[in-house]
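Residue-level structure breakdown
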Amino acid sequence: MSEPVIRTEQLTKTYGNRTAVDRLDLSIEAGEVFGLLGPNGAGKTTTILMLLGLTEPTSGHASVAGFDPLRQPLEVKRRVGYMPDQVGFYDNLTGVSNLRYTAKLCGLEDRDADERITKALARVRLTEAGQRPVRTYSRGMRQRLAIAEILMKGASIAILDEPTGGLDPQSTREFLELIRSLKRDGMTIILSSHMLELVQVVCDRVALFNAGKIGLMGRVDDLLRSVLGGSHIIRIEAKGAGLIEALQRVPGVTRVSDEGTSLRLECTDDLRADVARAVVQAGGDLTMIDAGHASLDDVYTRYFEGVAHAS
């Protein structure tokens, strides 16, 4: 089995009495799209900064593409492309000029740089816009220019911090397809985002951060089973006494929640027939039943409900 392209061992960062990242053990394989989830202040961005060598760990160790970000930051920067939450470019320069500046910092020869820039801008559909000042760009165009910069560098790892924040639905869909295309190229991608639907669609695995630690980690389907007990959601509208108790006894129903106008059931499978039968047998009047799949948002909500309850 190949060595993970990113690995942390007991990685810790403290600021005074506050622990931002607490003994983090993480392993990410080459070509994997890995999602970092959690509320603001949970430790995601601090972890990213330590992986990039932009902040020094208090203790522990990180390895990125075989290099120590703290002791070999230039080697890491050559192999990693980073898109921060607020993408920074020189607004008065054109997109092409911004990329040329980055190319010089990377030590690329002019001819090689120009070829890479041309290909990268075409890939993100900014060929014509590349001749315009970046101040004229929309947020979505700036995000695509940031991807072009990563492509131009020839990075094997991309770290994207809230890449779709503030984008309209169409721009979000376009950016999602860009991420998929990078994955098809074999690039390793770390995606930090509050948009759980996006993460669920594109990520191979996710880690849910809480108070500087990873509370949950794994493939989304596995988390649906381990946290929710299944991957199906059934909603019903029904009248009658004792329905919640009756539905909780249906084999395969792992949880029943009262949402006011309806009941929400978490199930191991599509159990609509069994649920409808249980309502009728309990003397209830069923007026609506609908089924769908559980989501990462359900996992996220359930986890933090448990955290709040434990507190």
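In this text, all values refer to a predicted model and were calculated from it rather than measured experimentally.

**Quick word on the sheet that holds strand β11 (residues 253-258)**
Sheet strands line up and pair through hydrogen bonds in the backbone, either parallel or antiparallel. Pairing within the open sheet is antiparallel, and its 4 strands lie in the order β11-β12-β10-β13. Of all strands in the sheet, those with a lone pairing partner are β11 and β13 (285-293), marking the two edges. The mean inter-strand angle of the sheet, taken between neighbouring strand axes irrespective of direction, is 20°. Two elements, strand β10 (residues 232-239) and β13, share 8 bridges in a ladder whose sense is antiparallel. The residue of β13 that forms the bridge with His232 is His293.

**What about the layout of surface pockets?**
Any empty space left between atoms is shown by rolling a water-sized probe over those atoms. Considering only enclosed or pocket space, the largest pocket measures out at about 630 Å³ in volume. Looking at the largest pocket, it is lined by 24 residues, and the ones nearest its centre are Lys77, Thr102, Leu105, Glu149 and Lys153. Elements supplying a minimum of two residues to the lining of the largest pocket: α2 (73-79), β5 (80-83), α3 (95-105) and α5 (139-153). Of the residues belonging to the lining of the largest pocket, the class tally is 16 nonpolar, 4 polar and 4 charged. Contributing to the lining of the second largest pocket are 15 residues, with Asn40, Gly41, Lys44, Thr45 and Asp161 lying nearest its centre.

The rules behind each value
Residues numbered from 1 in each chain as written. Predicted model: local features only at pLDDT ≥ 70, side-chain atom pairs only at ≥ 80, totals over all residues. Heavy atoms only, no water. Pairing = 2+ DSSP bridges. Helix = DSSP H or I, 4+ residues; strand = E, 2+ residues; numbered from the N terminus. Axes fitted to C-alpha atoms, helices over the stretch in contact; angles between N-to-C directions. 1 Å grid on protein atoms, 1.4 Å probe; cavity = no way out; pocket = protein on both sides within 12 Å on 5 of 7 lines; lining within 4 Å. Points joined across faces, edges and corners; volume = space filled by probe spheres on them. Nonpolar A, V, L, I, M, F, W, Y, C, P; charged D, E, K, R; others polar.

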